[in-house]
Amino acid sequence: MTTTTPSRRRRRAPTRIERVAGKAAALQKPRVILAGLLLLALTSVMLLDGYLRAEVGGDQRVRTGASSGKVPDKVLDGGPILTFRGGRATTVSVPDKTIALTFDDGPNPTWTPQVLAILKKYDIPATFFVVGSMVSRYPSIVADMVDAGNEVGIHTFTHVDLSYQSDARVNREMQQTQLALAGAAGITTTLFRAPYSSETDAIDNYSWPVYKKLGEDGYTSVFVDTDSDDWKRPGVSKIVKWATPDDGEGASVLFHDAGGERSQTIKALPKYIEKMRAKGYTFTTISGAVQQQEAAAGGQAGGQAQGGPNAQPGGAGAGAGTSNLQAAHRTATGATLYEGKALIGAVAVAEWTVPVLSVGLLVVGVAVMGRFGMMLILARRHYRQRNRRRFSWGPPVSQPVSVIVPAYNEKECIANTLESLARSTHPIEIIVVDDGSTDGTSEIARTAARELGMTNVRVIRQENAGKPAALNNGVRSASHDIVVMMDGDTVFEPDAVRQLVQPFADPAVGAVAGNAKVGNRDTVIGAWQHIEYVMGFNLDRRMYDLLRCMPTIPGAIGAFRREAVLEVGGMSEDTLAEDTDITIAMHRAGWRVVYQEHARAWTEAPGSLKQLWSQRYRWSYGTMQALWKHRKSLTDKGPSGRFGRVGMPLVVIFQIVTPVFAPLIDVFTVYSMIFVDFRAALLAWFAVLAVQLLCAAYAFRLDRAKYRYLLMMPLQQLAYRQMMYLVLIHSCITAMTGGRLRWQKLKRTGEVGTPAGAGR
């Protein structure tokens, strides 16, 4: 029996183009991931900043009037310091002739430093119940507070009424504040005061379980005996009076160093200290008051500083003297310390980023509105100039011109393209340059020309070298002084060529941009692109034409003087946007580039989101390449310098910078709708949409297009525009990381068969 081994076919080695394409594809995924990470980082920063300002997850509910039947009487009638030693609720009072001075709601960059300065002046300590979000925003103030010998306690992270919150939210409020303290001052604490709390007799059936749970976790809850009510701003004398305890009794006294305008508190505090000292009072912290009571009782009960959250032997408060005033503090170590520092760092980034983004939002908003206003004014002026009865480019241009059609695998479209050219009202020769097609494009072109009886068609085949090379081949082969360039998927209206070449009656004109229109616009994606094209060609191009800085001759329909093309070196392969590249080159060479609105061509726009992304990605990236290539025009003199100092900034601002940062408008709008004021944000969004609809409606009026497509504009703003922003951001990342792309062929269907009517 004989066994044969089948021969193995050798794998074909990839071509150079395939290798480059493979490398480009491999590079795109990391850049997409990077773009996604940047978007995620921006969202995270905004959410963090909103959380710190109680815009995200904020809860303004405050419980009042609830029953206290489940709260033990000894707690309701007890002292202001509540502990759960051994699982039993115990209250401690402040010793007579002693003031435990406490401050809530800080730190605040304006008022807290002034309070600390007063305490330092009179050499007295106090206990500050700090809000974690404020600690994370102003960590240096807390560090100074602790270094000065003051004690700190937790006042939750976002100043919410914990009686409404779940156990998970309560734990999060406490843990996040502990992390903020660890990052700011290297400590944690066992003291807690609930927001909106007052005396112990205000504990109700809803807040009692919270205090019990926190007591089991080792926290000491602190209430007040005497409330200055300084937050009401009743006047300095009343603040001092209301903060004074009766008959020499000791008291936990409440002031505020944040949460509002506290100038009266700052004025009242020195007067209060002097008054109480004159009465024989001494000042201490909450821990100091507890230890005084324990000392008076012979130390039988032990100190509340034992145990507690994140307790560390030998931590702050373990020694004697003034350290006993900070007995509730624990030294933060390990993961707690590093997580705390990470939190402080993240908040610092958010505190810096969000204001910058807010300024950027304002700038972008002004730029967008300014652009709309500029486009409307200049577009109207352009329309009135070009449609006057006496307007003329000069003597009619009637000599024959060459039409160059670069084609690569255009079997679905090339016949329709030639059929439209066969109806041209202007004498033309047609040069089809087949750029190495593999689908029989050249044979289809020859057959179509023969069937249409077109003797003015030449088909040139070349090795696949790209669209610029195909166009240059066509220019070299052209017989006439004016060359018209179009895409292989485009169809011309009968008088398109005649209209397109009339501006060449002016010898200063070197190139003319036609009016490209979307033929396959009956789909959602097609309608979105139709709106974009109508606005772009009837507003943007009119504006650029008046300012004499047209940035791009569209590849679908454009005309050039052959000598001008050769003068600037032909179509360059340096960029992916060869049309933008040569347009800028012609400006720099001193040629005038104009827009001819009446020369219409119908093109097949991408029919899927994937194809649309590929096309716009290439356009955006190619535009950036072209701008970078011609960056020296910024410092040139003459026509080149004029474009560099007028056209270049406009393109960069309106086509790159503004669109890149325009998502800020949408991000802040969504953020405001969810976390701030839904109605106001929605009204603002509709106001911007109304301005855009106004501009679009005027563009449609100039183009004589049907208004029904404007019904798609709200959805376009919600979906299509966001995609265009992401494409541009992706292109920017590619440019910054030094990537390069090859020209990408889009799938065609050939559905744009004959020129549609202008009124369609």
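Now for a quick tour of the structure. (Residues numbered from 1 in each chain as written. Predicted model: local features only at pLDDT ≥ 70, side-chain atom pairs only at ≥ 80, totals over all residues. Heavy atoms only, no water.)

Quick word on the sheet that holds strand β18 (residues 509-518)
So, point 1. Across the sheet, eight strands lie side by side as β15-β14-β13-β16-β19-β18-β20-β17; this open sheet has mixed pairing. Pairing within the sheet leaves two strands with one partner each, and these edge strands are β15 (457-462) and β17 (490-492). Averaged over neighbouring strand pairs, the angle between their axes works out to 30° when direction is ignored.
So, point 2. Strand direction decides the pairing type here: β18 and strand β19 (residues 558-561), joined by three bridges, are antiparallel. Looking across to β19, one finds that A511 is bridged to F560. (Pairing = 2+ DSSP bridges. Helix = DSSP H or I, 4+ residues; strand = E, 2+ residues; numbered from the N terminus. Axes fitted to C-alpha atoms, helices over the stretch in contact; angles between N-to-C directions.)

Comments concerning the packing of aromatic side chains
So, point 1. All chains considered together, the criterion is met by 11 aromatic pairs.
So, point 2. Pairing F84 with W208 gives two aromatic rings, centres 5.7 Å apart and planes at 45°, and the pair type is tilted. One end of the pair, F84, is in the loop between β1 (81-83) and β2 (90-92); the other, W208, is in helix α7 (residues 208-216), and 124 residues separate them in sequence.
So, point 3. Overall, F84 belongs to the buried group, its relative accessible area being 12%. (Phe/Tyr/Trp six-rings, centres within 6.5 Å; stacked < 30°, edge-to-face > 60°. Buried < 20%, exposed > 50% of the residue type's maximum accessible area, 1.4 Å probe, protein only.)

Observations concerning the packing of helix α16 (residues 524-546) against helix α22 (residues 678-703)
How two helices pack is summed up by the angle between their axes together with the distance between the axes.
So, point 1. Direction vectors running N to C along α16 and α22 enclose 80°, while the axes themselves pass 9 Å from each other. When the axis of α16 is compared with that of α22, the two are roughly perpendicular. Residues H530, I531, V534, M535, N538, L539 and R542 of α16 form the contact with α22, whose participating residues are Q692, C695, A696, Y698, A699, F700, L702 and D703.
So, point 2. Broken down by class, the residue content of the contact of α16 with α22 amounts to 10 nonpolar, three polar and two charged. (Parallel < 35°, antiparallel > 145°, perpendicular 65-115°, else oblique. Contact = heavy atoms within 4.5 Å. Nonpolar A, V, L, I, M, F, W, Y, C, P; charged D, E, K, R; others polar.)

Quick word on the packing of helix α18 (residues 578-588) against helix α19 (residues 609-629)
So, point 1. Where α18 contacts α19, the axes come no closer than 8 Å and their chain directions differ by 25°. Classified by the interaxial angle, the pair formed by α18 and α19 is roughly parallel. Where α18 crosses over α19, the two elements pack in a sense that is right-handed. Judged by residue contacts, T580, D581 and I584 of α18 engage T623, A626, L627 and K629 from α19.
So, point 2. Tallied by class, residues from the contact of α18 with α19 come to three nonpolar, two polar and two charged. (Left-handed = near helix turned anticlockwise from the far one by under 90°.)

Quick word on the nonpolar core
So, point 1. If you look at the biggest cluster of nonpolar residues, it comprises 101 residues, and the most contacted ones within it are I430, V432, V484, F492 and F560.
So, point 2. Here the element with the most residues in this core is α16; it accounts for nine residues.
So, point 3. Ranked by size, the runner-up nonpolar core spans 64 residues in total, among them F103, A126, V160 and Y219. (Core = buried A, V, L, I, M, F, W, Y, C linked by side-chain atoms within 4.5 Å.)

What about unusual backbone geometry?
Trans peptide bonds make up most of the peptide bonds, and negative phi angles are found at most residues other than glycine.
So, point 1. Following G106, the chain continues to P107 via a peptide bond in cis, the omega torsion being 0°.
So, point 2. Non-glycine residue T156 carries a positive phi angle of around 70°.
So, point 3. Topologically, T156 is positioned in the loop between β5 (151-154) and α6 (167-185).
So, point 4. Since its relative accessible area comes to 0%, T156 is described here as buried.
So, point 5. A positive phi is found at H159, a non-glycine position, where the angle reads about 60°.
So, point 6. Take H159: it is sitting in the loop between β5 and α6.

As for helix α13 (residues 441-451)
So, point 1. Among the residues of α13, T441, S442, A445, A448 and A449 are the ones counted as buried. Angular distribution of buried residues about the axis of α13 spans 125°; they occupy a single face of the element. Counted as exposed and oriented over 90 degrees from the buried face of α13: R450 and E451.
So, point 2. At its buried positions, α13 is contacted by β13 (401-407), α12 (414-422), β14 (428-435) and β15.
So, point 3. At the exit of α13 stands G453, carrying a positive phi of roughly 70°. (Arc of directions from axis to C-beta.)

Quick notes on the environment of P714
So, point 1. With respect to the helices and strands, P714 occurs in helix α23 (residues 713-736).
So, point 2. As a C-alpha pair, P714 and L689 span 25 residues in sequence and 7.3 Å in three-dimensional space.
So, point 3. Each residue touching P714, except ones within four places of it in the same chain, is listed here: W685 and L689.

Notes on the side chain of S424
So, point 1. Secondary-structure assignment places S424 in the loop between α12 and β14.
So, point 2. A residue is classified by how much of its surface remains accessible, and S424, at 18% relative accessible area, is buried.
So, point 3. At 3.1 Å, the side chain of S424 and the backbone oxygen of H426 are in polar contact.
So, point 4. Setting aside residues no more than four positions away along its own chain, S424 makes contact with P494 and V497. (Polar contact = N/O pair within 3.5 Å; in protein donor to acceptor, adjacent residues only side chain to side chain.)

Looking at the pairing of β19
So, point 1. Neither face of β19 is open: one carries G558 and F560, the other A559 and R561, and all of them are buried.
So, point 2. Direction of pairing for strand β16 (residues 482-485) relative to β19: antiparallel, over a ladder of four bridges. Along β19, the bridge assignment pairs M485 with G558.

Re the pairing of β16
So, point 1. Residues of β16 alternate between two faces, with I482 and V484 on one and V483 and M485 on the opposite face, all of them buried.
So, point 2. In terms of strand pairing, β13 meets β16 through three bridges, oriented parallel. When the bridges of β16 are listed, V403 appears paired with V484.

Re the side chain of Q165
So, point 1. Looking at where Q165 falls in the secondary structure, it is placed in the loop between β5 and α6.
So, point 2. At 3.3 Å, the side chain of Q165 and the backbone oxygen of D161 are in polar contact.

Thoughts on the pattern of salt bridges
So, point 1. Taken as a whole and judged by the stated rule, the model has 21 salt bridges.
So, point 2. Between R85 and E294 there is a salt bridge, and its shortest N-O distance comes to 3.3 Å. Of this pair, R85 sits in the loop between β1 and β2 while E294 sits in helix α10 (residues 286-296); the two residues are 209 residues apart in sequence, bridging distant segments of the chain.
So, point 3. A residue is classified by how much of its surface remains accessible, and R85, at 24% relative accessible area, is partly exposed.
So, point 4. Close ionic contact of D217 with K213 constitutes a salt bridge, the shortest N to O distance being 3.3 Å.
So, point 5. Residue D217 is classed as partly exposed on the basis of its relative accessible area of 37%.
So, point 6. One salt-bridge network, held together by shared partners, links K467, D487 and E578. (Salt bridge = Lys/Arg side-chain N within 4 Å of Asp/Glu carboxyl O.)

Examining helix α3 (residues 112-122)
So, point 1. Of the positions making up α3, those classed as buried are T112, V115, L116, I118, L119 and Y122. Looking straight down α3, one finds its buried side chains confined to an arc of 160°; they lie on one side. Residues K120 and K121 are exposed on α3 and point more than 90 degrees away from its buried face.
So, point 2. Looking at the buried residues of α3, the elements they touch are β3 (98-104), β4 (127-130), α5 (139-147) and α9 (263-278).
So, point 3. At the C-terminal side of α3, D123 shows a positive phi close to 55°.

Focus on a nonpolar patch on the surface
So, point 1. Taken together, V524, L715 and L718 make up a surface patch of nonpolar side chains, about 260 Å² in accessible area.
So, point 2. Along the polypeptide, L715 turns up in helix α23.
So, point 3. The class for L715 is partly exposed, based on a relative accessible area of 41%. (Patch = residues over 30% accessible without salt bridge, like charges linked within 9 Å, V, L, I, M, F, W, Y side chains within 5 Å. Areas by Shrake-Rupley, 256 points an atom, 1.4 Å probe, with all protein chains shown as cover.)

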